[in-house]
Amino acid sequence: MAIDTTPVDPNAPLQKKPVSWKNLAIGGALNMFEISTLGQPFEVIKTQMAANRGQSMAASIATIWSRGGIFGFYQGLVPWGWIEASTKGSVLMLAVSELEYQFRVWGASVPVAGILGGMGGGVAQAYTTMGFCTFMKTVEVTRHKGGSGPQQSTIQIALDILKREGIAGINKGVNAVAVRQCTNWGSRFGLSRIAEDVIKGKDKNRKLSDMEKIAASSIGGALSTWNQPIEVIRIEMQSQLKMEGRPEKMTMATAARWIYKQNGVLGFYRGVTPRIGLSVYLTICMVAFGDKLKAYFADK
């Protein structure tokens, strides 16, 4: 779900941005479509590369294929990917609407309130729905699968972790998710606005075409992957891979030290290519399809 970057008159009476429940439903449906098509394969490849930093992209794809063929690329989709996709947009937009208004009340300018609102919305996403969902998706990609005995279902694994480690266990790595979402939405908002201004050229008041909107949002989304080191740290914290010398209980700091020790600086950027692909594909789904659907239902 993209943050609305429509310019706001700073002299207009101060009021909360209205939240359309119809638009929230459309956003949730589009997120479900995105993750159920190419979104989850990009996510799985990104996770595989970040957790197995010695593998090339080709080797990562081959490993994923060996874990179930085409279905290997949809590990963690049901139910975790669907839970996350159907809820994260609503959490973001409700939080952004409230936070932007409060920051304006406290005297922040429109752009600053928008950026801070986006950052706060990203944190809200992490601590409500994305923390445990990203953890379980990573568990599904990185846990050992094989052997002759019956395999545990993903629900059984989640319940075992919850019973053994409690809420903290099922939300392992949530602080890294919060930092990622906070920096992601804060930078995406600013970078997308800059890209829009560049595309508009001298005529800053003209409306962008659909393709220009997609281009601006794609640029903002792709450039916001500068925080890939946080994503790699998050995946390392949640990974179920076992390795000699690897710390059992990781904080963000110990995970960062382990990654640097094993792979150096470049290790923090493993998986950035599929993440850029994921960002662009999500933008196409949300901007191109989203605007069309909103317009269609607005006429009904």
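Worth saying up front: this structure is predicted, and the values here are computed from it rather than measured.

Basis of the calculations
- Residues numbered from 1 in each chain as written.
- Predicted model: local features only at pLDDT ≥ 70, side-chain atom pairs only at ≥ 80, totals over all residues.
- Heavy atoms only, no water.
- Helix = DSSP H or I, 4+ residues; strand = E, 2+ residues; numbered from the N terminus.
- Rg over C-alpha atoms; globule rule 2.2 N^0.38 Å.
- Buried < 20%, exposed > 50% of the residue type's maximum accessible area, 1.4 Å probe, protein only.
- Lys, Arg positive; Asp, Glu negative; His and termini not counted.
- Charge placed at Lys NZ, Arg CZ, Asp CG, Glu CD.
- Salt bridge = Lys/Arg side-chain N within 4 Å of Asp/Glu carboxyl O.
- Contact = heavy atoms within 4.5 Å.
- Axes fitted to C-alpha atoms, helices over the stretch in contact; angles between N-to-C directions.
- Parallel < 35°, antiparallel > 145°, perpendicular 65-115°, else oblique.
- Left-handed = near helix turned anticlockwise from the far one by under 90°.
- Nonpolar A, V, L, I, M, F, W, Y, C, P; charged D, E, K, R; others polar.

*Asks:* What is the right way to look at the overall build of the chain in this model?
*Replies:* From N to C terminus, the chain includes ten helices and zero strands. When the helices and strands of the chain are read in sequence order from the N terminus, they spell out α-α-α-α-α-α-α-α-α-α. Its C-alpha radius of gyration of 20 Å places the chain within 12% of the 19 Å reference for a compact globule of 300 residues. Dimensions along the principal axes, computed over C-alpha positions, put the chain at roughly 65 × 40 × 35 Å. Split into buried and exposed, the 300 residues of the chain put 47% on the buried side. Put simply, the chain has 34 plus and 21 minus side-chain charges, and the middle of one group is 3 Å from the middle of the other.

*Asks:* Is there a simple way to explain the pattern of salt bridges in this structure?
*Replies:* Working definition: two side chains of opposite charge can pair if their charged atoms are close together. Overall, the coordinates contain 13 salt bridges when judged by the stated rule. A salt bridge links lysine 46 to glutamate 43; the nearest nitrogen and oxygen atoms lie 2.9 Å apart. With lysine 46 and glutamate 43 both in helix α1 (residues 21-51) and three residues apart, this pair spans about one turn of that helix. Here lysine 46 and glutamate 43 have matching classes, each one buried. Measuring nitrogen to oxygen at the nearest pair gives 3.9 Å for the salt bridge that ties lysine 88 to glutamate 84. In this pair, lysine 88 and glutamate 84 are both assigned in helix α3 (residues 77-105), four residues apart and thus about one turn of the helix distant. Shared partners join several salt bridges into a network, and the residues in it are Glu43, Lys46, Arg180, Glu231 and Arg234.

*Asks:* Sorry, what's going on with the side chain of glutamate 34 here?
*Replies:* In this structure, glutamate 34 sits in helix α1. Beyond its immediate chain neighbours, meaning those up to four positions away, glutamate 34 contacts Gly39, Gln40, Leu278, Tyr281, Leu282 and Cys285.

*Asks:* Looking at this structure, I do not really get the packing of α1 against helix α10 (residues 272-298). What am I missing?
*Replies:* Any two packed helices are characterised by the angle at which their axes cross and by the distance between the axes. Running from amino to carboxyl end, α1 crosses α10 at an angle of 165°, the nearest separation of the two axes being 9 Å. With respect to α10, the element α1 is oriented roughly antiparallel. The hand of the α1/α10 crossing is right-handed. Here the contact of α1 with α10 is composed, by residue class, of 16 nonpolar, seven polar and six charged.

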